[in-house]
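# A look at the structure
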Amino acid sequence: MDKAGKVYIAGHRGMVGSAIKRKLEKEGFTNFVVRTSSELDLRDQQKVAEFFEQERPDYVFLAAAKVGGIIANNTYRAEFLYDNLQIQNNIIHSSYLNGVKKLMFLGSSCIYPKMAPQPLKEDQLLTGLLEETNEPYAIAKIAGIKMCDAYRAQYGCNYISVMPTNLYGYNDNYHPQNSHVLPALIRRFHEAKENGTPSVTIWGTGSPKREFLFADDLAAACYYLMQNYDEPGLVNVGTGEDLSIKELAELVKQVVGYEGEIDFDTTKPDGTPRKLMDVSKLHATGWKHTIELSEGIKLAYHDFLSAETVASR
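Before going into details, it helps to say that this report is about the structure given with it. (Residues numbered from 1 in each chain as written. Predicted model: local features only at pLDDT ≥ 70, side-chain atom pairs only at ≥ 80, totals over all residues. Heavy atoms only, no water.)

### Some thoughts on the pattern of salt bridges
- This structure, assessed with the given rule, holds 18 salt bridges.
- Close ionic contact of K102 with D230 constitutes a salt bridge, the shortest N to O distance being 2.7 Å. Of this pair, K102 sits in strand 4 (residues 102–106) while D230 is found in the loop between helix 7 (215–228) and strand 10 (234–237), placing the two residues 128 residues apart along the sequence.
- Overall, the relative accessible area of 6% leaves K102 in the buried class.
- Residue classification places D230 among the partly exposed positions, given a relative accessible area of 43%.
- One connected set of salt bridges, linked through shared partners, spans K6, R35 and E55. (Salt bridge = Lys/Arg side-chain N within 4 Å of Asp/Glu carboxyl O. Helix = DSSP H or I, 4+ residues; strand = E, 2+ residues; numbered from the N terminus. Buried < 20%, exposed > 50% of the residue type's maximum accessible area, 1.4 Å probe, protein only.)

Dropping the structure here:
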């Protein structure tokens, strides 16, 4: 990447997009073009086409997406499919039409089959059935990977795809219904602590295992791969380490300082039993994460408290 080049980060205000922007700024990039969702609806093909024709970015990070946890994915199935397909179709095609030098498409670990062997290797894509609760989102992301590969094969576009594991960090979404598991736990344990609630109830059995990567580590990996990776297919980005939801809850409880009990509602779904990324392909390129989970949760909780303080003013 040329530091004088114009960089478009789709989703620059989100957790991933803002982390990528911070990383690029740290590396000396200054020529950014960004739009908020109110300024540019990425689902609108004509508006996106006009934006690319006007701005003509050199590099694109496609971090914009409609995202959420199990409840949101399972409730808004049509929106998760339609919105994400529209966003990525418009950006990828307009990037081709306007000569973008390199594009990075960011997906999700949910693209892999529900019962795929662990850890998840890149070549396990499309080898089995998806987890039902987030199938629409997963299908959209799979389509994005294949679209990048198709434009590479047919038009010679330098488009790469990265699949992050579960993410958390600064600017996360802590919404009670639409957040992912780790930020949801931070909010719930914090509120239980503040309100003196004797117990916190968590969906499922607590047995599913998950892997978590701090968003700033993902941003570092994205920058590294934009500099050093130019191949079709996809690259997993994660830590290569996981823990159970029960263990995660205990860790968040400790960081927050909540002293009540943890109950598990076994009538609610667990989701995918395990999602651990095989990151040997990434490690082989020379990159490895630096922020461990316990440290990252402390940073995320501090960020949550800062956001709460601002919101209460």
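Having seen the structure, we can now continue with the description.
### Observations regarding the packing of aromatic side chains
- Summed over the entire model, instances satisfying the criterion amount to 13 aromatic pairs.
- Ring plane angle 75° and centroid distance 5.3 Å describe the contact between Y168 and F214, whose orientation is recorded as edge-to-face. Taken together, the positions of Y168 in strand 6 (residues 166–168) and F214 in strand 9 (residues 212–214) put the pair 46 residues apart, joining distant regions of the chain.
- A residue is classified by how much of its surface remains accessible, and Y168, at 1% relative accessible area, is buried.
- By the ring-pair criterion, three or more aromatic residues cluster together here, those being Y8, F51 and F52. (Phe/Tyr/Trp six-rings, centres within 6.5 Å; stacked < 30°, edge-to-face > 60°.)

### Considering a nonpolar patch on the surface
- Among the surface-exposed residues, I70, I71 and W203 lie close enough to one another that they form a single nonpolar patch of about 230 Å² accessible area.
- Topologically, W203 is positioned in strand 7 (residues 199–203).
- Given a relative accessible area of 36%, W203 falls into the partly exposed group. (Patch = residues over 30% accessible without salt bridge, like charges linked within 9 Å, V, L, I, M, F, W, Y side chains within 5 Å. Areas by Shrake-Rupley, 256 points an atom, 1.4 Å probe, with all protein chains shown as cover.)

### Some remarks on the packing of helix 6 (residues 181–195) against helix 8 (residues 245–256)
- In contact at an axis separation of 9 Å, helix 6 and helix 8 are set at 45° when each is read in the N-to-C sense. Taken together, the axes of helix 6 and helix 8 lie oblique to each other. Between helix 6 and helix 8 lies a crossing of right-handed hand. Residues V181, L182, L185, I186, F189, H190 and K193 of helix 6 form the contact with helix 8, whose own contacting residues are I245, L248, A249, V252, K253 and V256. (Axes fitted to C-alpha atoms, helices over the stretch in contact; angles between N-to-C directions. Parallel < 35°, antiparallel > 145°, perpendicular 65-115°, else oblique. Left-handed = near helix turned anticlockwise from the far one by under 90°. Contact = heavy atoms within 4.5 Å.)

### Things to note about the state of the cysteines
- In this structure the tally under the stated criterion is zero disulfides.
- Looking at C157, it has no disulfide partner, and the nearest cysteine sulfur is the one in C148, 9.1 Å off.
- C222 takes part in no disulfide bond, and the closest cysteine sulfur to it belongs to C148, at a distance of 13 Å. (Disulfide = S-S within 2.5 Å.)

### Brief notes about the sheet that holds strand 10
- Ordered in space as 2-1-3-4-5-10, the six strands form an open sheet in which the pairing is parallel. Pairing within the sheet leaves two strands with one partner each, and these edge strands are strand 2 (32–33) and strand 10.
- Bridge count between strand 3 (residues 59–62) and strand 4: four bridges; the pairing is parallel. Pairing of F61 across the sheet is with M104, part of strand 4.
- Docked against the sheet, helix 4 (residues 77–97) engages strand 1 (7–10), strand 3, strand 4 and strand 5 (159–164), running at close to 170° with respect to strand 3.
- Sitting on the sheet, helix 5 (residues 135–155) touches strand 4, strand 5 and strand 10, and the angle it makes with strand 5 is about 155°. (Pairing = 2+ DSSP bridges.)

### A few points about the packing of helix 2 (residues 45–55) against helix 4
- Helix 4 packs onto helix 2 with a crossing angle of 35° between their chain directions and a minimal axis gap of 9 Å. Considering only the axes of helix 2 and helix 4, their crossing is right-handed. The segment helix 2 lies against helix 4, with Q45, V48, A49 and F52 engaging N90, I91, S94 and S95.

### Details of helix 2
- Where helix 2 is concerned, the buried positions are V48, A49, F51, F52 and E55. Down the axis of helix 2, the buried set is contained in an arc of 160°. They therefore lie on one face.
- Looking at the buried residues of helix 2, the elements they touch are strand 1, strand 2, strand 3 and helix 4.
- One side-chain oxygen at the N-terminal end of helix 2 lies 3.1 Å from the backbone nitrogen of Q46; it belongs to D44.
- R56 occupies a position one or two residues after helix 2 and carries a positive phi of about 45°. (Arc of directions from axis to C-beta. Polar contact = N/O pair within 3.5 Å; in protein donor to acceptor, adjacent residues only side chain to side chain.)

### Examining the nonpolar core
- In this structure, Y8, L42, F52, I91, I92, L103 and I111 are the most contacted members of the largest nonpolar core, which totals 39 residues.
- At the level of elements, strand 1, helix 2, strand 3, helix 4, strand 4, helix 5 and strand 5 are the ones that each hand at least two residues to this core.
- With seven residues, helix 5 is the single largest residue contributor to this core.
- Discounting residues that sit within four places of it in the chain, F52 has contacts with Y8, P57, V60, I91, S94, S95, N98 and V100.
- Formed by 32 residues, the second largest nonpolar core is a distinct cluster that contains F32, A63, L106 and V237. (Core = buried A, V, L, I, M, F, W, Y, C linked by side-chain atoms within 4.5 Å.)

These results come straight from atomic positions and should not be treated as a statement about function.
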